[in-house]
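# Observations on chain architecture
Listed below are the residues making up each chain.
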Amino acid sequence: MLSKLVTRQVFNHGLRLTKRAASTAAQQKLVGDRNPQVNYRKLFINNEFVDAIAGNVFEVLNPATGDVIAEVADASEKDVDKAVKACKDAFRLGSEWRRMDPAARGDLLYKLADLFERDRAYLAALETVNNGKPFKDSYNIDIPHCIAVLRYYAGWPDKMNGKVLPISGDFFAYTRREPVGIVGQIIPWNFPLILLCWKIGPSVATGCTTVVKLDEHTPLTGLYVGKLIQEAGFPPGVINILSGDGPHCGASIVKHPDVNKIAFTGSTQVGKIIGGEAAKMVKRTTLELGGKSPNIVFADCNLDTAVEMSHFALFFNQGQCCCAGSRTYVEEKIYDEFVQRSVERAKRRKVGDPFDENTEQGPQISHEQMDKILDLIESGRRAGAKLLVGGQREGDKGFFVQPTVFSDVRDNHRIAREEIFGPVMQILKFKTIDEVIERANDTEYGLAASVFTNDLDKGIVVSNGLRAGSVWVNTYDNFDPVAPFGGFKQSGLGREKSEYSLDSYTEAKCVTMKISQRNS
Amino acid sequence: MSSTNSKAPNVEIKYTQIFINNEWHKATAGKTFQVINPSTGEEICQVEEGTRVDVDKAVQAARKAFDIDSPWRKLEPVARGNLMRKLASLLRRDIEYLSKLETLNNGKSVQDSKGDIFFSADCLDYYAGWVDKMVGETIPGAQDQMIYTRHEPIGVCGQIIPWNYPILMMSWKLGPALACGNVIILKPAEQTPLTALYVASLCKEAGFPPGVVNVIPGDGPECGNAISVHQDIDKVAFTGSVEVGKKVQEAAAKSNLKRVSLELGGKSPLIICEDADLDHAVKLAHRAIFGNAAQRCTAASRTFVHSKIYDEFVARSIELAKKRVVGDPFDSSTEQGPQITAEQFERILGYIESGKKDGAKLECGGERVGKKGYFIKPTVFTNVKDDMKIAREEIFGPVMSILKFDSYEEVIKRANNTTFGLAASVVTKDLTRALTFAQRLQAGSVWVNDYDAVCNQAPFGGYKQSGHGRELGRYGLEEYYEVKTVVIKLI
């Protein structure tokens, strides 16, 4: 089936599981555990699980049912203090972490990756119960990607070379790439485990220590990873993991005087607040924010592939991707055919129980998100866009929204300008290359974009013209660990994954020594 | 002194044939050659002797494995890396057996063999981590162009390795070559083929596709030369003597201009300054010359000592040399095993004679130990002058030559006065002096207050006739890829 092909093409960045794991997966009919045990509900600080100091807890829901799964510790300012102190101790000059051979840091990441591989089925089930994404996606996409990312970063620690400089005068000068220090990392709910790995990977690789705040909707898998970190043998305090909210826990991390760097993934709105706060203390900041990514389909594309990939680009992960292809620009010549096929495809999209192996789309993360999506759909209707399929809540339990497709969308419609973060596809018509590039770039965002064409020139020229951090040609959502990911404009600052990510986690120190005589 | 009667455990010899396409072959010419235990001088076993025809067979297999549509060429970088990490884990898994086999064939202590194997596994892991981090570039040319570079594997790489570190040298060769996606034809030294053949079996077990790694035991003039002159081998990497290195490069050029990298000999200076901690310096100088029975290309075979500390340094060095335990490498108290062959053994004794004849003072050692195997006593010469044979030529045996110096300008000149340039070391606490020496010494590796500070992360190689090209580190990769520039004109 074309949709399977899509998943394989997009996510097959070379993960080769151990022979045992691969054959086990093949043999078993893939059934996820609907009631995975939740054994880790406390804050992970200094390699220990502890209650919040004030004893507060909060509820974690299963978005497929709206039921409470568990209560977890609710970290506030004092807990953040404790975690940051643990980071500081672990980062002290002369500490085990600072003295560790770089290759040994890498070995810890390889070990952690192996543990993810060992616990793949459990992690996938827990991720699905808490986030709502289909189990087959958690199992086949999320966890393997986590493993690939950890292994990618595992290879870096002993390869981050500085430079010896051709300086003038009697000097010997060189740079060292030193860890930036104590980092605070705040992650969202749409890819809990993947984003945890995107954050701790570079932190560990560069020798930093970190306090991670999990999103309050989806803390369960991150807290379990604390146990794996312990098991892998990381020294205490190197990675600390907190469950808590934004206004108290997150804000405390951002404002903490001992935190040297902040990495945040979330909405542009919150990103601006965090960036502002961090700027007051000149904290290094990287932000991965929202998007309204244009997906441009030319008449000379392979239409079947373009329709399927465009569908995937929008609907993957319940539409809850910062880089979702949420403005599908289709060349006039093929517009009608494309719309018709996209509607058919959306009609076929199976929504339901994330543990059902046929399900393609689970619930949205929360009631609040669901309402926001339905509100935006309503705005599309009112503005005059043509609602061709979906548009309603699905069922009355859990937070499911029908796969929705709008055609005849205008650039100034709210649904074409604002990030919806839901299963709502906007199809717009265009005539010429210059026109569509201009319209595609007419946004405050700049996270991703895509081009479907068989023409060499179009592929390159249009890619060159799009103001977006990731431009995919004849594909979508390629998150290979070697490729940098991040936003132009208000989609963010800095890049994640790839060698580029290391720059955000290191400081360049230049050492200049006076010597008696320099010769070349 | 431990006994030279071998306590060798029964080490089963599992592989004695030629390894091509993940299969074991007998030699086409039908001959075998003898492999000797240097501790006893006795035969361990016979091994199939590869000749030109076998090399040709291997090249065909390798070329097929390198076809652009082959499984190896289509493998994602990460998958290549995983195969390499798997191989590393197998080396560690089999370290007990492998270390004994290395010791049996090479004569180094079991502890040293184990150290080599750990270092080898780490080397493979190090390069496995590079596979998805080697990048080409996009280049800003004219506006209507898209320009980028691809780093492509060179192709069929011939690799000729020596006998002093059989497993380690094999891993130094496999690591970068495999990381870049090449295919390999490796010829181990005829003195020490056994561990290379076992490692070949591990390559198969790890899952490398057939033809990616091929191992041909054989000698230099026939088998090694076949590699150097082969028209369908794209690159040759050689570690060995300067004399043979020159032949390899010449043959490579005359045949098909295959790319060449060479790691050759040395006559590396170790300079002890007046502010050195004497105890530390003596111990350092001792291991810097005598380690691995002095069979190291980096051996510190010229020890320059400042006149102010010369007498005390000499006295302590002689004492330490006399205490060095020579004997059966399977005895855990042994520090120094045998030299590799009767030929090397005779050669070293010949140098010792020349030292005596040239007027150097033999302070200790200078003769054979025991009656079996190729053991030589740790030997110390003082009153060595720069123009003596023992101060100019590579001995590759346990002979320490101590020379006196007065000024630092003078010693740098004397240290550089050699056709070699592999390594150098200075022992001093003074910051400026250390940096000045580092700048002025003509050697590929300069060590301060240490010796043999070789690690997988940093490049290693020679100036001048000690070779060209670098192994290890990111630099080591540069020998194993070709750069292709692609320019797309935009209409």
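Residues numbered from 1 in each chain as written. Chains lettered and ligands numbered in written order. Predicted model: local features only at pLDDT ≥ 70, side-chain atom pairs only at ≥ 80, totals over all residues. Heavy atoms only, no water.

Each helix and strand in chain A was counted, giving 18 helices and 22 strands. Scaling as 2.2 N^0.38, a compact globule of 520 residues should have a C-alpha radius of gyration of about 24 Å, and chain A matches this with 23 Å. Taken along its principal axes, the extent of the C-alpha atoms in chain A is 75 × 60 × 50 Å. Taken across its 520 residues, chain A has 59% of its residues classed as buried. Summarising the internal contacts of chain A: among those between residues at least 6 apart in sequence, 75% fall at separations of at least 24. (Helix = DSSP H or I, 4+ residues; strand = E, 2+ residues; numbered from the N terminus. Rg over C-alpha atoms; globule rule 2.2 N^0.38 Å. Buried < 20%, exposed > 50% of the residue type's maximum accessible area, 1.4 Å probe, protein only. Contact = heavy atoms within 4.5 Å.)

Residue and element names in this part refer to chain B. Taking 1.5 Å per residue as the helical rise, helix α11 (residues 310–323) with its 14 residues ought to reach 20 Å, and the 20 Å between its terminal C-alpha atoms agrees with that figure. Buried residues of α11: Tyr 310, Phe 313, Val 314, Ser 317, Ile 318 and Ala 321, and no others. Buried residues of α11 fall within an arc of 130° about the axis and therefore sit on the same side. Summarising the geometry of α11, the exposed residues directed more than 90 degrees from the buried face are Asp 311, Lys 322 and Lys 323. Considering only its buried residues, α11 is in contact with β12 (269–272), α10 (278–290), β13 (302–306), β14 (361–364), β17 (379–382) and β18 (399–405). (Expected span 1.5 Å × (residues − 1). Arc of directions from axis to C-beta.)

Here we come to the environment of Gly 266 of chain B. Residue and element names in this part refer to chain B. Checked against the element boundaries, Gly 266 lands in the loop between β11 (259–263) and β12. As a C-alpha pair, Gly 266 and Thr 419 span 153 residues in sequence and 8.6 Å in three-dimensional space. What Gly 266 contacts, discounting residues up to four positions off in sequence, is Cys 297, Ser 301, Glu 394, Phe 420, Leu 422 and Ser 466.

Residues and elements named next belong to chain A. Taken in spatial order, the seven strands line up as β14-β17-β18-β13-β12-β19-β20 in an open sheet, and their pairing is mixed. Of all the strands in the sheet, just β14 (386–389) and β20 (470–473) have a single pairing partner and so form its edges. For this sheet, the mean angle separating the axes of adjacent strands, direction not counted, is 20°. Relative to strand β17 (residues 404–407), β14 runs antiparallel, the two sharing three bridges. Its bridge partner lying in β17, Leu 387 is registered against Phe 406. Running over the sheet, helix α14 (residues 367–383) touches β14, β17 and β18 (424–430) and is turned about 25° from β17. (Pairing = 2+ DSSP bridges. Axes fitted to C-alpha atoms, helices over the stretch in contact; angles between N-to-C directions.)

All right, on to the UniProt feature "domain: Aldehyde dehydrogenase" (unreviewed entry) in chain A then. The positions that UniProt labels "domain: Aldehyde dehydrogenase" (unreviewed entry) are, in the present scheme, residues 54–511 of chain A. Along residues 54–511 of chain A, the helical share is 43% and the strand share 21%, with 46 Å between the first and last C-alpha atoms. (UniProt positions renumbered as here; feature names shortened; annotations may be inferred.)

A few words now on the nonpolar core. All names here are of chain A. Grouped together as the largest cluster of nonpolar side chains are 93 residues, with contacts concentrated most on Leu 112, Phe 116 and Phe 234. The biggest single contributor to this core is helix α7 (residues 135–154), with eleven residues. Each of domain 1 (2–289 + 496–505) and domain 2 (294–481) accounts for three or more of the residues forming this core. If we skip the residues at most four places from it in the chain, Phe 234 touches Asn 47, Leu 108, Leu 109, Leu 112, Val 204, Ile 229 and Ile 239. (Core = buried A, V, L, I, M, F, W, Y, C linked by side-chain atoms within 4.5 Å. Domains from an automatic or database assignment.)

If you look at the interface, chain B gives 23 residues, while chain A gives 26 residues. Buried area between chain B and chain A, summed over both chains or domains, comes out near 2,200 Å², and the portion from carbon and sulfur atoms is 56%. A per-residue breakdown of the area chain B buries against chain A is headed by Arg 85, Lys 133 and Gln 439 of chain B, which together make up 24% of the total. At the junction of chain B with chain A, the criterion picks out zero salt bridges. The tally of links from chain B across to chain A stands at seven residue pairs in polar contact (both at pLDDT 80 or more). (Buried area = accessible area lost by both parts, 1.4 Å probe. Salt bridge = Lys/Arg side-chain N within 4 Å of Asp/Glu carboxyl O. Polar contact = N/O pair within 3.5 Å; in protein donor to acceptor, adjacent residues only side chain to side chain.)

Once that is clear, we can look at the side chain of Gln 364 of chain A. Residue and element names in this part refer to chain A. Locating Gln 364 in the fold gives a position in the loop between α13 (332–348) and α14. Classification of Gln 364 as buried rests on a relative accessible area of 0%. Among the polar contacts made by the side chain of Gln 364, one reaches the main-chain carbonyl oxygen of Gln 318 at a distance of 3.0 Å. Within the structure, the side chain of Gln 364 is placed 3.3 Å from the side chain of Gln 320, a separation counted as a polar contact. If near-sequence neighbours (up to four positions away) are discounted, Gln 364 is found in contact with Pro 63, Gln 318, Gln 320, Ile 373, Phe 399, Val 401, Phe 421, Gly 422 and Pro 423.

With that out of the way, let us pick up helix α16 (residues 433–441) of chain A. Val 436, Ile 437, Arg 439, Ala 440 and Asn 441 of chain A are the residues of α16 of chain A that are buried. Residues of α16 of chain A that are buried sit in contact with β12 (294–297), β13 (327–331), β18 and α17 (456–465) of chain A.

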